[in-house]
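Given next are the chains, with one letter for each unit.
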Amino acid sequence: QTVLTQPPSASGTPGQRVTISCSGTNSNVGTTTVNWYQQLPGTAPRVVIYGINQRPSGVPDRFSASKSGTSASLAISGLQSEDEGDYYCAAWDNNLNGVVFGGGTRLTVL
Amino acid sequence: QVHLVQSGADVKEPGASVIVSCKASGYTFTSYFIHWVRQAPGQGLQWVAWLNPKSGVTKSAQDFQGRVNLTRDTATDTAYLQLARLTSDDTAIYYCARGWGLVARIDPWGQGTLVTVSS
């Protein structure tokens, strides 16, 4: 079952800025860091944001994240066709002592 | 370079058990968690369980408690997921991935193992 809430879809044209929201509770998003995963068609997920707005090497600085209370968001600026795919938020849940994921947002570059 | 290489696809009948392996390389196996995450066809990611390879301590999501068993072999840096009493709802790609402690940073991921449950 999905614990974190994301919109099922988002879209934008090349060069635009898009944001994807993620809503949780005080046992997860409200008290831990939110990580964001990108899954391109036919591939395994990869982390694009971890910790407090940290990007692994190889992830462009067009990707950024923020959090306020029990809500978080991922922003992608200068949208490119290669960004098209599914995006998932994830957080540690202190009540479950495990990871909870959002349902995923399919990003379409028009 | 850090790699997680999983065993190949498997087909099981309902009621059977499946074991998926995950061999780690490029880092100290006992210094990071191993998470298991699954993805049913056309669906999102579902966290299954984590393993602390150093202590052997495990924790699974409530949906899998009593059916999942995580083990490891520190001599070969390999983690194992065993899922019992399979049903068609367990048909999914199962991923192992390196975990950075009690946080949701999970990377990198293995290539995934498709488990199909069918009679």
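In what follows, the structure referred to is the one given above.
These notes cover the structure that comes with them.

Parameters and conventions
- Residues numbered from 1 in each chain as written.
- Chains lettered and ligands numbered in written order.
- Predicted model: local features only at pLDDT ≥ 70, side-chain atom pairs only at ≥ 80, totals over all residues.
- Heavy atoms only, no water.
- Helix = DSSP H or I, 4+ residues; strand = E, 2+ residues; numbered from the N terminus.
- Rg over C-alpha atoms; globule rule 2.2 N^0.38 Å.
- Areas by Shrake-Rupley, 256 points an atom, 1.4 Å probe, with all protein chains shown as cover.
- Lys, Arg positive; Asp, Glu negative; His and termini not counted.
- Charge placed at Lys NZ, Arg CZ, Asp CG, Glu CD.
- Contact = heavy atoms within 4.5 Å.
- Buried area = accessible area lost by both parts, 1.4 Å probe.
- Salt bridge = Lys/Arg side-chain N within 4 Å of Asp/Glu carboxyl O.
- Polar contact = N/O pair within 3.5 Å; in protein donor to acceptor, adjacent residues only side chain to side chain.
- Buried < 20%, exposed > 50% of the residue type's maximum accessible area, 1.4 Å probe, protein only.

### Concerning the overall build of chain A
Now for step 1: Across its full length, chain A holds zero helices and nine strands.
Now for step 2: Over its C-alpha atoms chain A spans a radius of gyration of 13 Å, differing by no more than 12% from the 13 Å that the globule rule assigns to 110 residues.
Now for step 3: By its C-alpha atoms, chain A is 40 × 25 × 25 Å across when sized along the principal axes.
Now for step 4: Total accessible area on chain A is roughly 5,000 Å²; 47% of this is exposed by carbon and sulfur atoms.
Now for step 5: Of the side-chain charges in chain A, 6 are positive and 6 negative, and the distance between the mean point of each set is 5 Å.

### Some points on the interface of chain B and chain A
Now for step 1: If you look at the interface, chain B gives 21 residues, while chain A gives 19 residues.
Now for step 2: A buried area of about 1,700 Å², summed over both sides, lies between chain B and chain A, and 62% of it is on carbon and sulfur atoms.
Now for step 3: Summed over the three residues of chain B that lose the most area to chain A, namely Leu45(B), Ala104(B) and Arg105(B), the buried surface amounts to 34% of that side.
Now for step 4: Taken together, chain B and chain A are joined by zero salt bridges.
Now for step 5: Between chain B and chain A we count six residue pairs in polar contact (both at pLDDT 80 or more) in total.
Now for step 6: For the side of chain B that touches chain A, the secondary structure elements donating two or more residues are strand E4 (33-39), strand E5 (45-51) and strand E10 (106-109) of chain B.

### Digging into the side chain of Thr113(B)
Residue and element names in this part refer to chain B.
Now for step 1: Mapped onto the elements of the fold, Thr113 is located in strand E11 (residues 113-117).
Now for step 2: Residue classification places Thr113 among the buried residues on the basis of a relative accessible area of 2%.
Now for step 3: For Thr113, the side chain forms a polar contact with the main-chain oxygen of Ser7, separated by 2.7 Å.
Now for step 4: Beyond its immediate chain neighbours, meaning those up to four positions away, Thr113 contacts Gln6, Ser7, Gly8, Ala9, Val20, Ala92, Ile93 and Tyr94.

### So, the environment of Ser88(B)
All names here are of chain B.
Now for step 1: Mapped onto the secondary structure, Ser88 falls in the loop between strand E8 (78-83) and strand E9 (92-99).
Now for step 2: Judged by its relative accessible area of 51%, Ser88 is exposed.
Now for step 3: Sequence separation of Ser88 and Pro14 is 74 residues, and the distance between their C-alpha atoms is 6.8 Å.

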